[in-house]
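One-letter residues, chain by chain:
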Amino acid sequence: MVQRTRFDESSCPVARSVDAIGDWWSLLIVRDAFDGSRRFGEFQRSLGVAKNILTTRLRALVAGGILETVPASDGSAYNEYVLTAKGRDLFTVIVALRQWGEAHYFDPDEPQSRLLDCREGRPLRPLEVRAADGRPIRPEDTEVERVQRVDLKPPTPPRRVP
């Protein structure tokens, strides 16, 4: 089996985020949690994913603090999965992916689901990245300030071979 590359100690926030949420099943589980899915069976029916894969992804999302298990809201013996504050913070990411997909992967007249503002009943405005002063920012208006990675672990002393 191929060893998965880990990015949980990377100095790049994108790499660390991908490490936590970087597969499509996890993102789709989070999407479904925003859409109201709470039980294993609801996720399984919506996604059509194998139970062993769903179990693994749900456990990872719980371990990562994105979902938590709570007693079932109907008082039954089951547990439900709910988004934590950390998981709810993924809302902007899910909306950005949705809007990107709407713009690039659907024909103009092709039917698709829509995300609506509950109060107004209308689709959301496209997300925009803005500077601290409010002006729109494009990729060419930014730069990454790289940091020197500090290794917090002391170096391993060399082994002596007799």
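Before reading further, recall that the structure is shown in the block above.
Overview of the structure. Computed from a predicted model, the values in this text were never measured in an experiment.

## Describing helix 6 (residues 91–104)
(1) Moving on: The terminal C-alpha atoms of helix 6 lie 20 Å apart, and with 14 residues this matches the ideal 20 Å at 1.5 Å per residue to within 8%.
(2) Moving on: Elements in contact with the buried residues of helix 6: helix 2 (24–34).

## Details of the environment of R38
(1) Moving on: Assignment of secondary structure puts R38 in the loop between helix 2 and helix 3 (40–47).
(2) Moving on: Distance in space between the C-alpha atoms of R38 and V82 is 6.1 Å, their sequence separation being 44 residues.
(3) Moving on: With sequence-adjacent residues up to four places away left out, R38 is seen in contact with F43, V70, E80, Y81 and V82.

## Here we look at the layout of surface pockets
(1) Moving on: Of the volumes computed, that of the second largest pocket is approximately 470 Å³.
(2) Moving on: Lining the second largest pocket are 18 residues, with L28, R31, I94, L97 and R98 positioned closest to its centre.
(3) Moving on: Elements supplying a minimum of two residues to the lining of the second largest pocket: helix 2 and helix 6.
(4) Moving on: Classifying every residue of the lining of the second largest pocket gives eleven nonpolar, three polar and four charged.

## Some remarks on the pattern of salt bridges
(1) Moving on: Evaluated as defined, the whole model comprises eleven salt bridges.
(2) Moving on: For the salt bridge of D133 with R135, the shortest nitrogen-to-oxygen distance reads 3.0 Å.
(3) Moving on: Between E140 and R138 there is a salt bridge, with its nearest N and O atoms 2.9 Å apart.
(4) Moving on: Among the residues examined, E140 registers a relative accessible area of 56% and is labelled exposed.
(5) Moving on: Beyond isolated ion pairs, a larger network of salt bridges with shared partners links R38, R39, D74 and E80.

Calculation criteria
- Residues numbered from 1 in each chain as written.
- Predicted model: local features only at pLDDT ≥ 70, side-chain atom pairs only at ≥ 80, totals over all residues.
- Heavy atoms only, no water.
- Helix = DSSP H or I, 4+ residues; strand = E, 2+ residues; numbered from the N terminus.
- Expected span 1.5 Å × (residues − 1).
- Contact = heavy atoms within 4.5 Å.
- 1 Å grid on protein atoms, 1.4 Å probe; cavity = no way out; pocket = protein on both sides within 12 Å on 5 of 7 lines; lining within 4 Å.
- Points joined across faces, edges and corners; volume = space filled by probe spheres on them.
- Nonpolar A, V, L, I, M, F, W, Y, C, P; charged D, E, K, R; others polar.
- Salt bridge = Lys/Arg side-chain N within 4 Å of Asp/Glu carboxyl O.
- Buried < 20%, exposed > 50% of the residue type's maximum accessible area, 1.4 Å probe, protein only.

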